[in-house]
Amino acid sequence: MAADRFLPGLVLAERFYREAVEPLVHEHFGPVPHSAARVGSGSEVLGFDTERSADHEWGPRLQLFLDPEDTRADDIRSALSEHLPKTFLGWSTHFAGGDDEGTSAVMAPTGGPVAHRVEVTDLGSWFDRQLGFDPRAGVTTADWLAAPTQRLLEATAGAVFHDGLGQLEPARAALRWYPDDVWRHVLACQWLRISQEEAFVGRCGEVGDELGSAVVAARLVRDLMRLRLLLDRRYPPYSKWLGSAFARYAELAPVLRAVLAAGDWREREEHLAAAYEHVARVCDGLGLAEPVDPTTRPFHDRPFRVLRADRFTRALVAAVTDPEVAALPLVGAVDQFVDSTDVLSHPARLRGLAFRPVAAG
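Residues numbered from 1 in each chain as written. Predicted model: local features only at pLDDT ≥ 70, side-chain atom pairs only at ≥ 80, totals over all residues. Heavy atoms only, no water.

For the protein chain, the name recorded in an unreviewed UniProt entry is DUF4037 domain-containing protein, with Saccharothrix xinjiangensis as its organism.

**Regarding the overall build of the protein chain**
Within the protein chain one finds 17 helices and 10 strands. With respect to the principal axes defined by its C-alpha atoms, the protein chain has extents near 75 × 45 × 35 Å. Within the protein chain, contacts between residues at least 6 apart in sequence are counted, and of these 70% link residues at least 24 apart. Of the roughly 16700 Å² of accessible surface on the protein chain, a fraction of 51% belongs to carbon and sulfur atoms. In the protein chain, which carries 39 positive and 52 negative side-chain charges, the distance between the mean positions of the two groups comes to 4 Å. (Helix = DSSP H or I, 4+ residues; strand = E, 2+ residues; numbered from the N terminus. Contact = heavy atoms within 4.5 Å. Areas by Shrake-Rupley, 256 points an atom, 1.4 Å probe, with all protein chains shown as cover. Lys, Arg positive; Asp, Glu negative; His and termini not counted. Charge placed at Lys NZ, Arg CZ, Asp CG, Glu CD.)

**Here's the deal with the environment of Cys283**
Along the chain, Cys283 falls in helix H13 (residues 265–285). What makes Cys283 buried here is its relative accessible area of 8%. It is 15 Å that separates the C-alpha atoms of Cys283 and Arg193, two residues lying 90 residues apart in sequence. Excluding its chain neighbours within four sequence positions, the residues that come into contact with Cys283 are Trp191, Leu231, Phe312 and Leu316. (Buried < 20%, exposed > 50% of the residue type's maximum accessible area, 1.4 Å probe, protein only.)

**Thoughts on the packing of aromatic side chains**
Two descriptors summarise a pair of aromatic rings, namely the distance from one centre to the other and the angle between the planes of the rings. The final tally for this structure, using the stated rule, is 15 aromatic pairs. Between Phe65 and Trp126, the aromatic rings sit 6.1 Å apart at their centres with planes inclined by 85°, giving edge-to-face as the arrangement. Linking Phe65 in strand E2 (residues 61–66) with Trp126 in helix H4 (residues 123–131), this pair joins segments that are 61 residues apart in sequence. Of the two residues, Phe65 and Trp126, both sit in the buried class. Aromatic side chains Phe246 and Tyr249 sit 5.2 Å apart centroid to centroid with 55° between the ring planes, which places their arrangement in the tilted category. Through pairs of rings, three or more aromatic residues link up here, namely Trp144, Trp177, Tyr178, Trp183 and Tyr235. When the ring centre of Trp183 is taken as reference, the NZ or CZ atom of Arg233 above it lies at 5.3 Å. (Phe/Tyr/Trp six-rings, centres within 6.5 Å; stacked < 30°, edge-to-face > 60°. Lys NZ or Arg CZ within 6 Å of the ring centre and 35° of its normal.)

**Description of the environment of Leu175**
With respect to the helices, strands and loops of the structure, Leu175 is situated in the loop between helix H7 (168–174) and helix H8 (180–195). A C-alpha to C-alpha distance of 28 Å links Leu175 and Val21, two positions 154 residues apart in sequence. If we ignore the near neighbours within four places in the chain, the residues touching Leu175 are Phe127, Leu131, Phe133, Pro135, Val139, Trp144, Leu152, Ala155, Thr156 and Tyr235.

See the structure below:
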């Protein structure tokens, strides 16, 4: 059964907690110290859910965090299965299907126990699955760089409905944004990515490879979008929601759309130059490093218009004062050099990657 009117997932989750989950837990177990939230994966956590979202892994769902010493987790899960209503505000509370092979669960009627999506867990276990570390113990430079921005966004977005444990909100606050020198490092590496391909739009076009030029331009557009969000202290989401998150930049978005719609490499390059200069001025305005001339210029003696984005990389690197960050290789956070979903969605695999300082000499 589905409701006649769509309700944003975060609103649905909060009402589900306050009107169904919390009263049921209290009735069967008395006062249980806990925190409750809707965080983690899901379009509703980012505020991007629509009616379409309701076709899988969406509905009355949330996290219920207990003290790790509380031994009632299994009993609470069972009580919720036995006593939750079959529907809530017209939405089924039973999720059918879903497995480790990528099949998504969908809301479905049930005549028996409810296969609910109330995740009963503790904070340490949840953060370890989400990020590979527990921010309550502090966040190291390696922790920051091993966490994809999508995973950080999922941990800091969404909503907290109750923090009776008093630990969830401080943990989220600790993850809100990078320390300044880590931020400089990530920005420097993002500018470096742009510098490595900005001349290829023209070079491909010059040899008649308009398709190749367009592909390079699209890569640069993506890098500029991520960079603009990073400059604004916003974690860029993964590809499905990157454009939705970027829509707030009304001055820049039309320029980037023009890059993608351009008919030839010269037009493409013209729009990219405008975008480069816009983002460069924003970077200068933050005061994170010595200002860099934001105007575009020829690429050496070749007739290709570029920013020479590596100039911003050098300025940001020079402003880093933390010796640990200063010694890092210029590859950045993990999602700046890894693009595999099968890696980025598994923190255990990410933790196996090296983020070591460059050896002296």
